[in-house]
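Observations on the model geometry
Letter by letter, the chains look like this.
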Amino acid sequence: SQQGEEDPQALSIQEGENATMNCSYKTSINNLQWYRQNSGRGLVHLILIRSNEREKHSGRLRVTLDTSKKSSSLLITASRAADTASYFCATDAHQAGTALIFGKGTTLSVSS
Amino acid sequence: DVKVTQSSRYLVKRTGEKVFLECVQDMDHENMFWYRQDPGLGLRLIYFSYDVKMKEKGDIPEGYSVSREKKERFSLILESASTNQTSMYLCASSLFGGPTNYGYTFGSGTRLTVV
């Protein structure tokens, strides 16, 4: 049961540029989360945005949530080579009380 | 530094073997999860647990079972390993308050190859 879908699947940018990734989901949610995964490693939690929030910031990260469009975006400003990773959005499944459902991710490559 | 520890980074097992993947967390988290990650398919939920001795099926529980005898440990069991269970297995934990209300802390993953 795929709840979130990231777009684009892959993104290549230069250091210093901004990177924007989008996530669309199908059903109503309680919150939406973004994670990063470096190659071959576990995922790292970046940010959680609740359904009654529209925007949230954490350092160089900015997340927006539009519940009317069932979509979210993750903006990474002034990208660095170290931001090279896969980024996943995760949402509640449609049944209450179940675990996070992850999208397939966006692979970001930042070159110096 | 809080941690979720998976016992093995790499594992090679033979078809038909019973395989145990162990996960331990030191954060006193109530919720624990097992996912598998495959290219093109993303992360898929196998099982999760929100309390000791409790378990809930995820999207792909077939061929797997779990054990949670202690709060800090959540084991994934492949009853009879098959080649289609070759995958990266990821364990995670989170605070109580709903399985999705807090961020998950992931282990580093176990890359299992079944030959």
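Here, every reference points to the structure presented above.
Let me sum up the structure you'll find in this document. (Residues numbered from 1 in each chain as written. Chains lettered and ligands numbered in written order. Predicted model: local features only at pLDDT ≥ 70, side-chain atom pairs only at ≥ 80, totals over all residues. Heavy atoms only, no water.)

Considering the pattern of salt bridges
Residue and element names in this part refer to chain B. All told, the structure shown has 10 salt bridges over all chains when counted by the stated rule. Note that Lys 18 is salt-bridged to Glu 79, the shortest N-O span being 3.8 Å. Residue Lys 18 is found in the loop between β2 (10-13) and β3 (19-21), and its partner Glu 79 is found in the loop between β9 (73-78) and β10 (87-94); the two are separated by 61 residues along the sequence. On the basis of relative accessibility, which here comes to 47%, the residue Lys 18 falls in the partly exposed class. The class for Glu 79 is partly exposed, based on a relative accessible area of 40%. Asp 28 is the partner of Lys 71 in a salt bridge, and the nearest nitrogen-oxygen pair spans 3.0 Å. You can see Lys 71 sitting in the loop between β8 (64-70) and β9 and its partner Asp 28 sitting in the loop between β4 (23-25) and β5 (31-38), a full 43 residues away along the chain. By relative accessible area, Asp 28 is classed as exposed at 51%. (Salt bridge = Lys/Arg side-chain N within 4 Å of Asp/Glu carboxyl O. Helix = DSSP H or I, 4+ residues; strand = E, 2+ residues; numbered from the N terminus. Buried < 20%, exposed > 50% of the residue type's maximum accessible area, 1.4 Å probe, protein only.)

Brief notes about the layout of surface pockets
The computed volume of the largest pocket comes to approximately 540 Å³. Lining the largest pocket are 25 residues; nearest its centre among them are Gln 37, Ser 86 and Phe 88 of chain A together with Gln 37 and Pro 39 of chain B. Among the secondary structure elements, those contributing two or more residues to the lining of the largest pocket are β1 (4-7), β9 (85-92) and β11 (106-111) of chain A together with β5 and β10 of chain B. With three residues, β9 of chain A is the single largest residue contributor to the lining of the largest pocket. (1 Å grid on protein atoms, 1.4 Å probe; cavity = no way out; pocket = protein on both sides within 12 Å on 5 of 7 lines; lining within 4 Å. Points joined across faces, edges and corners; volume = space filled by probe spheres on them.)

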